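Structural overview
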Amino acid sequence: MTSLPSTSRRSISDVAFIGLGAMGYPMAANLKKESPNSKVLVWNRTATKAQQHASEFGTNAVSSLEELKCCSLVFLCLPTSTEVESICSRLGPILDPGSIVADCTSGDPHVTRRIASSLAECHTIHMVDCPVSGGPAGAMSGQLTAMIGGSDTAVRAVEPYLKHMAQKRMVRVGAIGAGHAVKAVNNALNTAHLAVATEGLLALAKFGVCPEVALEAINGSSGRSLQTEERLPKEVLSRKFNYGFALGLMLKDVTIAVDSVCSDTITHQSINHVPKFFPLVKDLLQKAVDLESAGADYTAVVRPLETESGMELRAGKSTGKDGNLK
C-alpha cells in the first residue's frame, strides 16, 4: 500500500460528519458540542436533515460533498459498506492528500480494506474503521464503545475527536478492517444471547415459572447478560420492541460475521473450523424479518421462537395463542 503523509504533522481543522441517521444525528451533535472550536460540517442524503441539525446544534450544513474540501477529517455513519464505497469514491478526488476518512458504519471488513487501499493508492488519503456500539441512547449520551482499526498514525489523529462520541470506551483492535470484524461478531453475540435467553424463558414459562421471576433469579446468577438485564425486560416482556436498531441491519451485521469474518477462518484453516452457531443466528434473524419486517426492531428476533412455541413472553405472565395463561 502507498505510504501516506504523517497526519501527526498536519493539524486537523474543519471536521465533517456524513450520515445523520438514528446513530449519526446524535453523534454529530456530540462532536460539535465537545469540539466548540472546530467547525463541524454535516451532509446527509436528505438535505433538510442536515439543515435541521445545523439549526439545532450549531453545525454547518452543506448541500454538496464538494463543500467538504476544507475538511481534513471526515466521519461516516451510513447503513452499509455499499454506501460507504459510493461516498468514498466521490470524496477521494475532493479531499486533500493526508486527510482521514473515519468510518463508523457497521461495515464489511473486506470491503473496508478495498476502500482503504483505493483511497491510499489513488488519493493519498488515510482510512480508519471505527464502528460503535451502544445504540441510539448511547449515541445521544456519548456513551458508546468504539472498535478501531487502522494505522497508528491515523488512529492517533482520529481519537481526540472520536472520544467525544465514544466516551464509554475506545479500543484499538488491529489493522484496517479489524474494527468492522469485531463489530460484526459483537452483534452476532448480542443476538445469540437474546435468542438463547428467550428459548430458556419460554421453556420455563411452560414449566409454570413467570418470566419476570425467572429473570430476577437469573440476573443474580451466572447466566445473566445484557440481554437478560436490559433487552428482555424493557423491550420483550413489555412488548415495546423499540430499542432502536432494525432487524434488517442486524441481519446484515450477522451475515457479515458468517460470510465475511468467518469465511477467513474457512479459507486459511481446516474445514473443521466452519462456524456452527453464527449461521443459526443468521437463520433466526431471516425468519424474524420474514415474519415481521426488515424495519422492525431487532429485539423482535424473539418472535419466531414465540410463534413456534405457541406462547408470548409478557410482563407478569406468558400467554398462549388463545390468550390463556400458560
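These remarks concern the structure in this document. Along every chain, residues carry numbers that run from 1 in the direction the sequence is written. Under the rules for a predicted model, residues below a pLDDT of 70 receive no local features and side-chain atom pairs below 80 are neither given nor counted, while totals for whole chains, interfaces and linings still include all residues. Values shown for side chains rest on all heavy atoms present in the structure; no hydrogens or waters enter the calculation.

Turning our eyes to something else, we now look at the nonpolar core. To qualify as a nonpolar core, a set must consist of buried Ala, Val, Leu, Ile, Met, Phe, Trp, Tyr and Cys residues joined through side-chain atoms within 4.5 Å. Using a 1.4 Å probe on the protein chains alone, a residue whose accessible area is under 20% of its type maximum counts as buried, one over 50% counts as exposed, and one in between counts as partly exposed. If you look at the biggest cluster of nonpolar residues, it comprises 37 residues, and the most contacted ones within it are Leu232, Val236, Leu247, Val254, Leu285 and Val301. Mapped by element, the contributors of at least two residues to this core are helix 7 (178-206), helix 8 (211-218), helix 9 (226-236), helix 10 (247-268), helix 11 (278-291) and strand 10 (311-314). Helix and strand definitions follow DSSP, with helices as H or I runs of at least four residues and strands as E runs of at least two, each counted in order from the N terminus. Looking at this core, the element that brings in the most residues is helix 7, giving 9 residues. The residues touching Leu285, leaving out its near neighbours within four places in the chain, are Thr191, Leu247, Met250, Leu251, Val254 and Val301. Counting 33 residues, the second-largest nonpolar core is a separate cluster that includes Met23, Ala50, Ala146 and Val155. Any pair of residues with heavy atoms lying within 4.5 Å of one another is described as a contacting pair.

What goes into a patch is any residue over 30% in relative accessible area without a salt bridge, connected to like charges within 9 Å or, for nonpolar side chains (Val, Leu, Ile, Met, Phe, Trp, Tyr), within 5 Å. Surface accessibility follows the Shrake-Rupley procedure with a 1.4 Å probe radius. Residue values consider only the protein chains on display as shielding. Salt bridges, as used here, are contacts in which a Lys or Arg side-chain nitrogen is within 4 Å of a carboxyl oxygen on Asp or Glu. Residues Val171, Val173 and Val182 make up a contiguous nonpolar surface patch of about 170 Å² in total accessible area. If you trace the backbone, Val182 turns up in helix 7.

So, about the layout of surface pockets. Of the voids in this model, the largest pocket is the one considered here, and its volume is about 1200 Å³. In this analysis the probe radius is 1.4 Å and the grid spacing 1 Å, with only protein atoms considered; a cavity is a set of points the probe fits into but cannot get out of, a pocket is an open set with protein on both sides within 12 Å along at least five of seven lines, and lining residues have an atom within 4 Å of a point. Considering the residues around the largest pocket, the lining is formed by 46 residues, among which Met23, Ser106, Val132, Lys183 and Phe245 are closest to the centre. Listed by contribution, the elements that provide at least two residues to the lining of the largest pocket are helix 3 (81-91), strand 7 (132-133), helix 5 (135-141), strand 8 (145-149), helix 7, helix 9 and helix 10. Per-element accounting of the lining of the largest pocket gives the leading share, 7 residues, to helix 7. In the scheme used here, Gly and all other residues not listed as nonpolar or charged are polar, with Ala, Val, Leu, Ile, Met, Phe, Trp, Tyr, Cys and Pro taken as nonpolar and Asp, Glu, Lys and Arg as charged. Residues belonging to the lining of the largest pocket are distributed by class as follows: 21 nonpolar, 18 polar and 7 charged. Grid points are joined across faces, edges and corners, and a volume is the space filled by probe spheres set on the points. Reported here for the second largest pocket is a volume of approximately 320 Å³. Around the second largest pocket, the lining is made up of 14 residues, and of these Ala192, Ala195, Val196, Leu280 and Val281 lie nearest the centre. The set of elements that each furnish at least two residues to the lining of the second largest pocket consists of helix 7 and helix 11.

With that out of the way, let us pick up unusual backbone geometry. One non-glycine residue with positive phi stands out, namely Thr124, at about 55°. Within the secondary structure, Thr124 sits in the loop between helix 4 (109-123) and strand 6 (126-129). For Thr124, a relative accessible area of 23% puts it in the partly exposed group. Phi at Phe241 takes a positive value of approximately 45°, unusual for a residue other than glycine.

Stacked, edge-to-face and tilted are the three classes for Phe, Tyr and Trp ring pairs, Trp counted by its six-membered ring, which pair at centre distances within 6.5 Å; planes under 30 degrees apart are stacked, over 60 edge-to-face, the rest tilted. Under the defined criterion, the tally for this structure stands at 4 aromatic pairs. Relative to Phe57, the ring of Tyr25 lies with its centre 5.8 Å away and its plane at 70°, an arrangement referred to as edge-to-face. Here Phe57 lies in helix 2 (residues 47-57) and Tyr25 lies in helix 1 (residues 24-34), a separation of 32 residues in the sequence. Taking the relative accessible area as the measure of exposure, Phe57 reaches 31% and is therefore partly exposed. Residues Phe245 and Tyr298 carry aromatic rings whose centres are separated by 6.3 Å and whose planes lie at 70° to one another, so their mutual orientation is edge-to-face.

What follows deals with the environment of Thr105. Residue placement: Thr105 occurs in the loop between strand 5 (100-103) and helix 4. Here the alpha-carbon distance between Thr105 and Gly19, two residues 86 residues apart in the chain, equals 9.3 Å. Among all residues touching Thr105, those that are not within four sequence positions of it are Leu76, Cys77, Leu78, Pro79, Thr80, Val84, Pro131 and His180. Polar contact is defined as a pair of N or O atoms within 3.5 Å, subject to the rule that within protein one atom must be able to donate a hydrogen and the other to accept it, and that residues adjacent in sequence are counted only when both atoms are side-chain atoms. A polar side-chain atom of Thr105 sits 2.9 Å from the main-chain amide nitrogen of Leu78.

Here the focus is the pattern of salt bridges. The full count for this structure, using the stated rule, is 14 salt bridges. Linking Asp96 and Lys69 is a salt bridge whose minimum nitrogen-to-oxygen distance equals 3.2 Å. With Asp96 in the loop between helix 3 and strand 5 and Lys69 in the loop between strand 3 (60-61) and strand 4 (71-76), this pair connects stretches of sequence that are 27 residues apart. On the basis of relative accessibility, which here comes to 29%, the residue Asp96 falls in the partly exposed class. Residue class for Lys69 comes out partly exposed when judged on its relative accessible area of 45%. The partner of Asp152 in a salt bridge is Arg172, and the shortest N-O contact between them spans 3.6 Å. One end of the pair, Asp152, is in helix 6 (residues 152-162); the other, Arg172, is in strand 9 (residues 169-174), with 20 residues separating them in the sequence.

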